[in-house]
Amino acid sequence: MRLSYEFYHRPCLEVARDLVGKVLVHNGQRLRISETEAYCGEADTACHASKGRTRRTEVMYMDAGTVYIYLCYGMHWMLNIVTGQAEQPEAVLIRACVDAEGPGRLTKCLGITGELNRSDVVDSPELWIEDDGFICEVTTDKRVGIGYASQEDQDRLWRFKIKNNTAE
């Protein structure tokens, strides 16, 4: 079953945890989400919106369920889903899927590019997330690649992973 607006219209940390184990679908290809990271607004120095609203981060201020895709290191597309309340910039990075470890690898595997930035993950005919009833244990860890953030934000356990990554 495709996830609804209500699923994404919750605090970022809840959505990030609950997306682990769900199925990411793009143009008929399906991968189980094995890892996510939460980026919780302007107060989170690891979040792109920590410096406020810019042309790049404007999408994070949009409605829950909006797709936020950006290019990292000029070569890797990063897939995020906006969560929570409009005008409160929060998003969940889909960090890995089973058989596609790493955010750049999963977008490459599924053929996801910046063309889907600002699309709607709930109503999109080509990109959505489903709940197929799979249940898994979720563990937490520190987020990856945020050395620019405050030590406090680097130490937060806002990365969520399938325990032992033995899904399917």
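Residues numbered from 1 in each chain as written. Predicted model: local features only at pLDDT ≥ 70, side-chain atom pairs only at ≥ 80, totals over all residues. Heavy atoms only, no water.

1. Digging into the overall build of the protein chain
The test is simple: Labels follow the DSSP assignment, with helices taken as runs of H or I lasting at least four residues and strands as runs of E lasting at least two, numbered in each case from the N terminus. Here the radius of gyration uses the C-alpha set of atoms, whereas the globule reference equals 2.2 Å times the residue count to the power 0.38. Exposed residues in this analysis have more than 50% of their type's maximum accessible area, buried residues have under 20%, and partly exposed residues fall in between, with area computed by a 1.4 Å probe over protein chains only. We call two residues in contact when some of their heavy atoms are within 4.5 Å.
Of the regular secondary structure elements, the protein chain holds four helices and eight strands. Traced from its N-terminal end to its C-terminal end, the protein chain shows the element sequence α-α-β-β-β-β-β-α-β-β-α-β. The C-alpha radius of gyration computed for the protein chain amounts to 14 Å, which stays within 12% of the reference 15 Å derived for 168 residues, consistent with globular compactness. Referenced to the eigenvectors of the C-alpha coordinate spread, the extents of the protein chain come out at roughly 40 × 30 × 30 Å. Buried residues in the protein chain amount to 51% of all 168 residues. Counting only contacts in the protein chain whose residues sit at least 6 apart along the sequence, the fraction spanning at least 24 positions is 61%.

2. Some thoughts on the nonpolar core
Worth spelling out the cut-off: To qualify as a nonpolar core, a set must consist of buried Ala, Val, Leu, Ile, Met, Phe, Trp, Tyr and Cys residues joined through side-chain atoms within 4.5 Å.
By size, the foremost hydrophobic cluster in this structure holds 33 residues, and its most contacted members are Tyr-8, Leu-19, Leu-24, Leu-79, Ile-94 and Ile-129. In terms of nonpolar packing, the next biggest core, distinct from the first, is built from 16 residues, Tyr-39, Ala-49, Val-59 and Ile-146 among them.

3. Digging into unusual backbone geometry
A negative phi angle is the norm for most residues apart from glycine, just as the trans form is the norm for most peptide bonds. Phi is positive for Asp-99, close to 70°, though the residue is something other than glycine. As for its placement among the helices and strands, Asp-99 is situated in the loop between β5 (90-97) and α3 (103-110). In this structure Asp-99 comes out as exposed when scored by relative accessible area, which is 73%. Unlike most non-glycine residues, Arg-118 shows phi in positive territory, near 75°.

4. Brief notes about the pattern of salt bridges
Formally: In what follows, salt bridge is the name for a side-chain nitrogen of Lys or Arg lying within 4 Å of a carboxyl oxygen of Asp or Glu.
All chains considered together, the criterion is met by 15 salt bridges. A salt bridge links Asp-132 to Arg-32; the nearest nitrogen and oxygen atoms lie 2.8 Å apart. Residue Asp-132 is located in the loop between β6 (127-130) and β7 (138-141), and its partner Arg-32 is located in strand β2 (residues 29-40); the two are separated by 100 residues in the primary sequence. For Asp-132, a relative accessible area of 41% gives the class partly exposed. For Asp-141, the salt bridge identified is with Lys-161, shortest N-O distance 3.2 Å. Of this pair, Asp-141 sits in strand β7 while Lys-161 sits in strand β8 (residues 159-162), placing them 20 residues apart in sequence. Beyond isolated ion pairs, a larger network of salt bridges with shared partners links Glu-35, Asp-141, Arg-159 and Lys-161.

5. Considerations on helix α2 (residues 12-19)
Under the convention used in this document: Throughout, the arc means the angular range of directions from the helix axis out to the C-beta atoms.
Listed in full, the buried residues belonging to α2 are Cys-12, Val-15, Ala-16 and Leu-19. The arc that holds every buried residue of α2, seen down its axis, measures 100°, which confines them to one face. Its buried side turned inward, α2 meets α1 (5-8), β2, β5, β6 and β8. Positive backbone phi, approximately 100°, marks Gly-21, located one or two places after α2.

6. Notes on the packing of aromatic side chains
Operational definition: Two aromatic rings from Phe, Tyr or Trp, using only the six-membered ring of Trp, form a pair when their centres are within 6.5 Å; if the ring planes differ by under 30 degrees the pair is stacked, by over 60 it is edge-to-face, and anything between is tilted. Placement of a charge over a ring requires the Lys NZ or Arg CZ to be within 6 Å of the ring centre, with the centre-to-atom vector within 35 degrees of the ring normal.
Counting across every chain of the model gives two aromatic pairs. Seen in terms of ring centroids, Phe-7 and Tyr-8 are 5.2 Å apart; in terms of plane orientation they differ by 80°. Their pairing is edge-to-face. A relative accessible area of 12% means that Phe-7 is categorised as buried. Here the aromatic rings of Tyr-68 and Tyr-70 are separated by 5.3 Å at their centres, their planes lie at 35°, and the arrangement is tilted. The ring of Phe-134 is capped by Arg-32, whose NZ or CZ atom sits 4.0 Å from the centre of that ring. One residue, Arg-56, lies across the ring of Tyr-70, its end atom 4.7 Å from the ring centre.

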